[in-house]
Amino acid sequence: MRNRGGILTLVAIFLAVSVYYLVRTYKANSIRNDAEVAAMTADGNVDRQVKQRYLDSLWKQPVFLGTTLEDLTKQELGLGLDLQGGMHVILEVSPNDIVKSLASGSRDPRVAQAIESASEKAITSSDHFVDLFVSDFKALAPNVPLARVFSTASNRGELGLNSTDSEVTNYVKDEVDGAFDRAFNIIQTRVDKFGVANANLQRLSGTNRIQVELPGIDNPQRVRKLLSGAAKLEFCEVYEPQEIGTSLEAFSAYLSQLDLEEQTKNLEKLATSAPAVSSTDTSSSAGDLASQLTGSSDSTGGLGADSLLSNNAFSSLFIGGQGGLMVRTKDSSKVNEILHRPAVRQLFPANLSFVYDVKAFMNETTNEELVSLYMVKDLGHAPLEGDVISNARQDYDPTTGQPDVSMQMNATGSRKWRDLTAANVGQRVAILLDNYVYSAPNVNQEITGGNSSISGNFTLEEASDLANVLKAGKLPAPTHIIEEAIVGASVGESAVRAGVISSLVGLLAVLIFVLVYYNKAGWIANLALIVNLILLLGVMASFGATLTLPGIAGMVLSVGMAVDANVLIYERIKEELDEGKPFATAVRNGFKFAMPSIIDSNVTTLITGIILFIFGTGLVLGFATTLLIGIFTSLFCAIFISRLVFEHYIKKGKTVTFFTAWTEKMFKDTDIDFVNKRRVFYMISGAIIIAGAVSIGIRGFGLGVDFKGGRTYVAKFENSVKTEDVRQAMENAGFTAEVKTFGGFDQVKITTAYEIDNTDPNVELQIQDQINGVVTSLNGNHGEVVSSSKVGPTIANDTIWNSLKAILYSLILTFIYIYVRFRSVAFSFGAVVAVFHDVLVILGIFSIFNGILPFSLDVDQAFVGAVLTLMGYSMNDTVVVFDRVREYLNDKSKAKEDIVKVINNALNSTLSRTAVTGIATLLVLLILLIFGGETIRGFIFAMFLGVIVGTYSSLYIAAPIVVDAMQRQLLKEKDAGLKAAEVAVAGAKK
């Protein structure tokens, strides 16, 4: 083995980095556990505010090898919603409302007709909404230029009455896309300020949708209001410190009193453990808040040096700066609690509100993150709001060349802005969005005409963001929740338990099986598998990946499939040893000859994983992420870890056994005729597919909610419950619902399409109350809703199309790859037909047994993920056989053998690998099926069937089809040769 030392060093580095990131994850979880212990109340519950304050206090503090808690949480192996509870939401920014707003000046009724028509088409179309609108409007009003609809005084610089339809269309598209960007920024700010650890927010590429995941949320209604409420833009006057000096002095005295009480408590505690403690005079450390805020300051704005009571608990929370208060971000939770006390509120004017700046900054002197705290007037009743903004854009100050923001207001806004600026010359006016200050510029003079610029020490990005904030007043870009899922904390705990048990038992089963089959060589394979698991988890942690229940399934499955690479190598080594070659030569040749099969089989699985990653969301995406990482780590471990250990034995002059007494003769010298009986198996497969097709035609599928739209609730009862009783109770409550047993006779899944098109956030609460009313007491049997989900019709349709595209692309890419590798359409055709056969068989079985088996067989996105995975597995198995066929065909000693014999020999020679890999994978899947939990049971069942069907098809469908295809090709070539000979003979006769 070349460069053994370098490879050993590389392995050590990868292992060290993986362990480091796993320890980081452990440390972050340990701190969160400590926070829960600190926040535990007398009745055993956790005070969420106290817990958050604990975490805030450490957020910017070094907690592990100089790393802050914030940095730890960014790169840790987090738990998904299905493992800890929480809420998943997909928001859609409504383009029809934006177009309607842009065309508000038009009185043409055909505009509204076109918007309504485009909205209906958008449900089933992937075209841009603006293109749909323009097409429909032109159909209704072919001679009306779009400029007449959209050209207004506010966009005069960008559009005119002479603008072409193309120019107007592009302008409207830019505005719609810009509104989406503004909506994303607004929602991102709201989520950031919501105080949720490990919140995940991302744009769904190619759509006007935003995915939000909020772990640990226990108030879904608050989240709905937070995410779908209209952004509120306000211009408020700011209280300057000199205006409320008396209030600030009283507040300073209040803080001093709190400090005195805190010190008294500390003295009492110390008195119980020490004989005597000298008293401390706290009055000398008390500061005058008003004088600090209005007095001189240093170059850092007075930060650090001007703290109210720098050595005491409460007054040190507030820091005086130039013209206002500042607080450390880690103390914000405690500060909020103090500021909301009735005793504190009474000290200040009734119309004063404390509002934070949207952006914190780092004080380089003290290395602390600080945020400004403004005292604004009339929050919620501002003299000027965002509806008066007609346009805003990032610009440059003509004097300094620095970025600034230009804004234009309508007539009403111009008048109010003139009055507001005239009354506040020399003072600040705060610009707020959703109760956070984005800018608080000083007013230099009265501004008339409604056109003004806001300048400050802006970066280009900050100026652009502020312009977006101002434009949010012009285009509110309303958002609608089109998909949501709520997982209760108890469900999460149960899922964690199921995931851990299934993972450990599955891993143990694979390790034992490998040992039993391969004896001493099994220990080497197991070492590679364990290292693979460490690397897999470490890489996921370094990426900040989220571990979901399907992710755990993917992780354990990847360990099971990682056996395949070792099996391919071991079986090759055994063949070399059977030929009498020395151990060192057999090992080197084994690795060499197994490499093409390992690469081909992993690439085909990689194609499937990439397709899953691109098109999957939620459960499927979690599985795909783990599967993709697992492919690379398992490949690395099989090639390098195992090889290093074998090289160690070779260097020591030792050998390794590859079988036990029980497995020595297994699969040796098999001579099964797979190919000549192919027509029998064609008929068996045909009969299964026809039976499935009949079932699909008569019974159809049990479509999951993400394929048909609707709401799903999982309800758990104290005692066993009949689905018919629940269905009848739902009907009595006004719902038409489908009810199925879900994971036990005390648990049911309720699915309904009731009011699914209604986007009002209050509807969710109403329906939830009605569902709760049904399950709370069903004939005296108490129940509760433990999880729920909602999928709108638009996203359900998109899910169907994405799933079909994922399957189609997977087939096309695999066909191309196999053709490139084997240079024969016969191999590509055989592989794709076999995979298509597998999909049809699984679909038929799911239709036939839906409602018969005691768990859900719904066809949903998770099912599609399972189908794609089994396609990858089937292709993996098939490619290994094809590699051996290619090897035999290239062997000159076997070149004259009949193709049937060649393929039969290839199938028999790879039978041991097929069986060992299949058994190891089925072991894992069987354990996941038993212990993995109800959430993924249908998903795992599809994969379990897929492994069986995929193994069957690679032996009895794919290879025989290659035989038929190659025989037809040979027959054509023979006929062509005969015709050529006949032509040659005829020519000679002439």
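Residues numbered from 1 in each chain as written. Predicted model: local features only at pLDDT ≥ 70, side-chain atom pairs only at ≥ 80, totals over all residues. Heavy atoms only, no water.

**Q** How do you make sense of the pairing of strand 12 (residues 368-377) when you look at a structure like this?
**A** It is a general feature of regular strands that their side chains alternate between the two faces of the sheet. Of all 10 residues in strand 12, nine are buried; the element is thus mostly enclosed. Bridge analysis of strand 10 (residues 352-356) against strand 12 gives five bridges, and the strand direction is antiparallel. Its bridge partner being in strand 12, Val355 is matched across the sheet by Tyr374. As paired strands, strand 11 (residues 361-363) and strand 12 are joined by three bridges and run antiparallel to one another. Pairing of Phe361 across the sheet is with Leu370, part of strand 12. Two successive antiparallel strands, strand 11 and strand 12, enclose a turn made up of four residues, where Asn367 displays a positive phi of approximately 55°. (Buried < 20%, exposed > 50% of the residue type's maximum accessible area, 1.4 Å probe, protein only. Helix = DSSP H or I, 4+ residues; strand = E, 2+ residues; numbered from the N terminus. Pairing = 2+ DSSP bridges.)

**Q** It is not clear to me how the sheet that holds strand 17 (residues 436-439) should be interpreted in this structure. Could you clarify?
**A** The pairing of strands in a sheet comes from backbone hydrogen bonds and takes either a parallel or an antiparallel form. Taken together, the four strands give an open sheet; going across it, the order is 13-7-16-17, and neighbouring strands pair in antiparallel fashion. With one partner strand each, in any of the chains shown, strand 13 (384-385) and strand 17 form the two edges of the open sheet. Inspection of the sheet shows strand 7 (residues 233-237) paired to strand 13 by two bridges, in the antiparallel sense. Within the sheet, the bridge partner assigned to Phe235 lies in strand 13 and is Leu384.

**Q** Honestly, a positive patch on the surface in this entry has me stumped. Any pointers?
**A** A cluster of basic side chains, namely Lys520, Lys651, Lys652 and Lys654, defines a positive patch on the protein surface. Following the sequence through the fold, Lys651 ends up in helix 21 (residues 619-651). (Patch = residues over 30% accessible without salt bridge, like charges linked within 9 Å, V, L, I, M, F, W, Y side chains within 5 Å. Areas by Shrake-Rupley, 256 points an atom, 1.4 Å probe, with all protein chains shown as cover. Salt bridge = Lys/Arg side-chain N within 4 Å of Asp/Glu carboxyl O. Lys, Arg positive; Asp, Glu negative; His and termini not counted. Charge placed at Lys NZ, Arg CZ, Asp CG, Glu CD.)

**Q** Got a minute to help me understand a nonpolar patch on the surface in this structure?
**A** Together, Leu808, Tyr809, Ile812, Leu813, Phe815, Ile816, Tyr819, Val820, Val825 and Phe829 make up an exposed nonpolar region whose accessible area comes to about 860 Å². Where the nonpolar patch is concerned, the elements lending two or more residues are helix 26 (793-822) and helix 27 (825-849). With eight residues, helix 26 is the largest single contributor of residues to the nonpolar patch. Along the chain, the position of Phe829 falls in helix 27.

**Q** Looking at this model, I keep getting lost on the pattern of salt bridges. Mind explaining?
**A** Oppositely charged side chains are able to pair whenever their charged atoms sit close together. Per the counting criterion, the structure on display carries 29 salt bridges. For Arg588, the salt bridge is made with Glu647, and the minimal N-O distance between the two is 4.0 Å. Taken together, the positions of Arg588 in helix 20 (residues 583-615) and Glu647 in helix 21 put the pair 59 residues apart, joining distant regions of the chain. Among the ionic pairs, Arg886 bridges to Asp883, the shortest N-O distance being 2.3 Å. A residue pair is termed a helical-turn pair when its members lie 3 or 4 positions apart in one helix, as Arg886 and Asp883 do in helix 28 (residues 861-890) at three residues. Comparing Arg886 with Asp883 shows no difference in burial state: the two are buried.

**Q** What exactly am I supposed to notice about the side chain of Asn850 here?
**A** Checked against the element boundaries, Asn850 lands in the loop between helix 27 and helix 28. The contacts of Asn850, once residues within four sequence positions are left out, are Arg699, Phe701, Gly702, Lys740, Leu857 and Asp858. (Contact = heavy atoms within 4.5 Å.)

**Q** Honestly, helix 18 (residues 520-542) in this entry has me stumped. Any pointers?
**A** Given 3.6 residues per turn, any residue in an α-helix points the same way as the ones three and four places further on. The terminal C-alpha atoms of helix 18 lie 34 Å apart, and with 23 residues this matches the ideal 33 Å at 1.5 Å per residue to within 8%. Among the 23 residues in helix 18, 17 count as buried, and that is most of the element. The positive-phi residue at the C-terminal boundary of helix 18 is Gly544, with phi of around 70°. (Expected span 1.5 Å × (residues − 1).)

**Q** Mind showing me how you'd approach the packing of aromatic side chains here?
**A** Following the criterion strictly, the structure yields 24 aromatic pairs and no others. Here Phe251 and Phe348 contribute two aromatic rings whose centre-to-centre distance is 5.6 Å and whose plane-to-plane angle is 65°, an arrangement assigned as edge-to-face. Taken together, the positions of Phe251 in helix 11 (residues 245-271) and Phe348 in the loop between helix 14 (342-345) and strand 10 put the pair 97 residues apart, joining distant regions of the chain. For Phe348, a relative accessible area of 6% corresponds to the buried category. Taking 5.3 Å as the distance between ring centres and 80° as the angle between the ring planes, the aromatic pair formed by Tyr570 and Phe658 counts as edge-to-face. Separated by 88 residues along the polypeptide, Tyr570 in helix 19 (residues 549-578) and Phe658 in the loop between helix 21 and helix 22 (678-698) bring together distant segments of the chain. When sorted by exposure, Tyr570 lands in the same class as Phe658, which is buried. (Phe/Tyr/Trp six-rings, centres within 6.5 Å; stacked < 30°, edge-to-face > 60°.)

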